[in-house]
Amino acid sequence: EARGTVSSQRYYIQRPEVIESYFYLWRLTKNQKYREWGWEAAQAIEKNCRVENGYSGIKDVNSDTPVHDDVQQSFFLAETLKYLYLLFSDDDVISLDKWVFNTEAHPLPILDDLPNKS
C-alpha cells in the first residue's frame, strides 16, 4: 500500500483531505475559489486517474504521462468523490447545521436533545 509521509514524494493515491478542505471552506465562506479549485481537481482526476475500469493512483504527479499504480483505493469512492459531490451540492444536502462527518466521511446527525446522565 502506498502512503505519503515525506513532502518530496510524488505520488497521488486518491486521498480525500484536500477536497474535504475545499468542501468545508466553501460551506463556511462561500468563496467561489474553493469550488473552482475543486472543479480543477475533478478535471485532473478524470484526465489523469481514469482507467478502463475505474480510477487509479498515480506514481509521479510531475510526469507529463501519468504512470498508474493500478489501485483504486476504497476511500476514493467513499470520501474523495463524496466530498466533490457535496462541494457542488446545495447547502441543504447534508447541512452542516444538522450533520457532522466522522473521519471516514460518514455523516452523523447532531442531536439537540441528549439524555441527561446525572
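A brief structural summary. None of the values given here were measured: they were computed from a predicted structure.

Looking now at the overall build of the chain. A tally of helices and strands in the chain yields three helices and four strands. Beginning at the N terminus, the succession of helices and strands in the chain can be written as α-α-β-β-α-β-β. Expressed as a percentage of the 118 residues in the chain, the buried residues total 28%. For the chain, restricting intrachain contacts to residue pairs at least 6 apart in sequence, the fraction spanning at least 24 positions comes to 52%. Of the roughly 8,300 Å² that the chain leaves accessible, carbon and sulfur atoms contribute 51%.

With that settled, the discussion passes to the packing of aromatic side chains. Considering all chains together, one arrives at 10 aromatic pairs under this definition. Between Phe-23 and Phe-101 the ring centres are 6.0 Å apart and the planes differ by 90°, which places this aromatic pair in the edge-to-face class. Remark: Phe-101 occurs in strand S3 (residues 99-101) and Phe-23 occurs in helix H1 (residues 17-29); sequence separation between them is 78 residues. Exposure class is identical for Phe-23 and Phe-101. Each is buried. For the pair Trp-39 and Phe-88, a centre-to-centre distance of 6.2 Å together with 85° between the ring planes defines the contact as edge-to-face. Separated by 49 residues along the polypeptide, Trp-39 in helix H2 (residues 32-49) and Phe-88 in the loop between helix H3 (74-87) and S3 bring together distant segments of the chain. Sitting above the plane of the Phe-75 ring, Arg-15 keeps its charged end 4.4 Å from the centroid. One residue, Arg-50, lies across the ring of Tyr-55, its end atom 4.9 Å from the ring centre.

With that settled, the discussion passes to a nonpolar patch on the surface. A cluster of nonpolar side chains, Val-100, Leu-108 and Ile-110, forms an exposed patch at the surface whose accessible area comes to about 240 Å². Residue Val-100 is classed as partly exposed on the basis of its relative accessible area, which comes to 43%.

The topology assignment puts Ile-45 in helix H2. Residue class for Ile-45 comes out buried when judged on its relative accessible area of 9%. Spatially, the C-alpha atom of Ile-45 lies 9.8 Å from that of Ile-58, the residues being 13 residues apart in sequence. Aside from chain neighbours lying at most four places away, what touches Ile-45 is Tyr-12, Arg-50, Tyr-55, Phe-76, Thr-80 and Leu-84.

Reading the values: the criteria
Residues numbered from 1 in each chain as written. Predicted model: local features only at pLDDT ≥ 70, side-chain atom pairs only at ≥ 80, totals over all residues. Heavy atoms only, no water. Helix = DSSP H or I, 4+ residues; strand = E, 2+ residues; numbered from the N terminus. Buried < 20%, exposed > 50% of the residue type's maximum accessible area, 1.4 Å probe, protein only. Contact = heavy atoms within 4.5 Å. Areas by Shrake-Rupley, 256 points an atom, 1.4 Å probe, with all protein chains shown as cover. Phe/Tyr/Trp six-rings, centres within 6.5 Å; stacked < 30°, edge-to-face > 60°. Lys NZ or Arg CZ within 6 Å of the ring centre and 35° of its normal. Patch = residues over 30% accessible without salt bridge, like charges linked within 9 Å, V, L, I, M, F, W, Y side chains within 5 Å. Salt bridge = Lys/Arg side-chain N within 4 Å of Asp/Glu carboxyl O.

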